[in-house]
Amino acid sequence: DTGVSQDPRHKITKRGQNVTFRCDPISEHNRLYWYRQTLGQGPEFLTYFQNEAQLEKSRLLSDRFSAERPKGSFSTLEIQRTEQGDSAMYLCASSFWGAGNTEAFFGQGTRLTVV
Amino acid sequence: ELKVEQNPLFLSMQEGKNYTIYCNYSTTSDRLYWYRQDPGKSLESLFVLLSNGAVKQEGRLMASLDTKARLSTLHITAAVHDLSATYFCAVDKTKIIFGKGTRLHILP
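All of these numbers come straight from a predicted model, not from anything done at the bench. (Residues numbered from 1 in each chain as written. Chains lettered and ligands numbered in written order. Predicted model: local features only at pLDDT ≥ 70, side-chain atom pairs only at ≥ 80, totals over all residues. Heavy atoms only, no water.)

S.K.: Provide a residue-level description of the sheet that holds strand 1 (residues 5-7) of chain A, including the pertinent values.
M.R.: Residues and elements named next belong to chain A. Pairing within the open sheet is antiparallel, and its four strands lie in the order 1-3-8-7. Only two strands of the sheet have a single neighbouring strand rather than two, namely strand 1 and strand 7 (65-68). Put simply, the sheet's adjacent strands are angled 15° from each other on average, direction ignored. As paired elements, strand 7 and strand 8 (residues 75-79) share four bridges and run antiparallel to each other. (Pairing = 2+ DSSP bridges. Helix = DSSP H or I, 4+ residues; strand = E, 2+ residues; numbered from the N terminus. Axes fitted to C-alpha atoms, helices over the stretch in contact; angles between N-to-C directions.)

S.K.: I'd like a rundown of the packing of aromatic side chains, residues and numbers included.
M.R.: A full pass over the atoms with the stated rule returns twelve aromatic pairs over all chains. Relative to B:Y35, the ring of A:F106 lies with its centre 5.3 Å away and its plane at 85°, an arrangement referred to as edge-to-face. One end of the pair, A:F106, is in strand 10 (residues 105-106); the other, B:Y35, is in strand 4 (residues 31-37), on a second chain. By relative accessible area, A:F106 is classed as buried at 8%. Consider the rings of B:F88 and B:F98, whose centres lie 6.2 Å apart with planes at 85°: the pair is edge-to-face. Taken together, the residues span a long stretch of sequence, with B:F88 in strand 9 (residues 85-93) and B:F98 in strand 10 (residues 95-98) at a distance of ten residues. (Phe/Tyr/Trp six-rings, centres within 6.5 Å; stacked < 30°, edge-to-face > 60°. Buried < 20%, exposed > 50% of the residue type's maximum accessible area, 1.4 Å probe, protein only.)

S.K.: Explain the state of the cysteines residue by residue, including any values.
M.R.: A disulfide bridge is the covalent bond that connects two cysteines by way of their sulfur atoms. Residue and element names in this part refer to chain A. A complete count under the given rule lists two disulfides over all chains for this structure. With a sulfur-sulfur separation of 1.8 Å, C23 is cross-linked through a disulfide to C92. Here the S-S torsion is close to -70°, and the disulfide linking C23 with C92 is therefore left-handed. Pair noted here: C23 is in strand 3 (residues 19-24) and C92 is in strand 9 (residues 88-95), with a separation of 69 residues, a long-range link. Across this residue pair, the class does not change: C23 and C92 are buried. (Disulfide = S-S within 2.5 Å.)

Encoded structure:
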């Protein structure tokens with residue numbers, strides 16, 4: 001297992017278009033998190049899953065954002081009708097929550113630029 | 001709501017000096033993390049602290065946790081230029097909440 005994998009690494013899109021990002025967590029991890037990070041700021045929590053259940057979604061997340069983890073494995077984050085303010089690094093992390101909790105490991109991120 | 005505060009936010013220091021970064025959080029937590037981030041890169045896990053009094057060391061970095069004071073520290077001993085980066089503490093209480101980060105610049 002090579003760790004948390006995110007695809008694509010970079011995405012440039014025109015304002016108003018929809019984009020979708022994918023995250024493949026470490027295989028035995030049951031928790032998956034999405035974060036957004038803008039330049040000079042800390043990662044901002046967006047949402048997280050325990051297996052396939054989405055347990056919490058940030059109040060800061062508009063209705064244009066949606067995330068799924070259909071089989072409790074990989075996850076997708078979709079942004080509809082992108083705006084310039086959506087330009088950021090989108091980070092995915094995974095961990096195992098339960099007996100023998102592990103730390104959270106982050107993927108390399110997807111850098112989104114909305115033009 | 002859980003809040004995590006780091007200070008200082010910026011730190012410029014000479015090589016060979018010691019310094020400490022502080023992380024305060026507002027509620028009880030299950031785990032506390034320290035991460036390193038280099039410019040344009042993702043987050044690298046440095047330490048996971050699980051219980052009161054926990055202390056972990058790796059090279060010139062040492063992290064500690066005081067759950068009663070809701071305080072963690074990251075101590076840098078005899079800093080070297082390669083430690084220049086942004087350091088984040090994060091508190092895990094079902095979801096992981098990050099501080100704003102400490103941008104550390106070590107002058108040769």
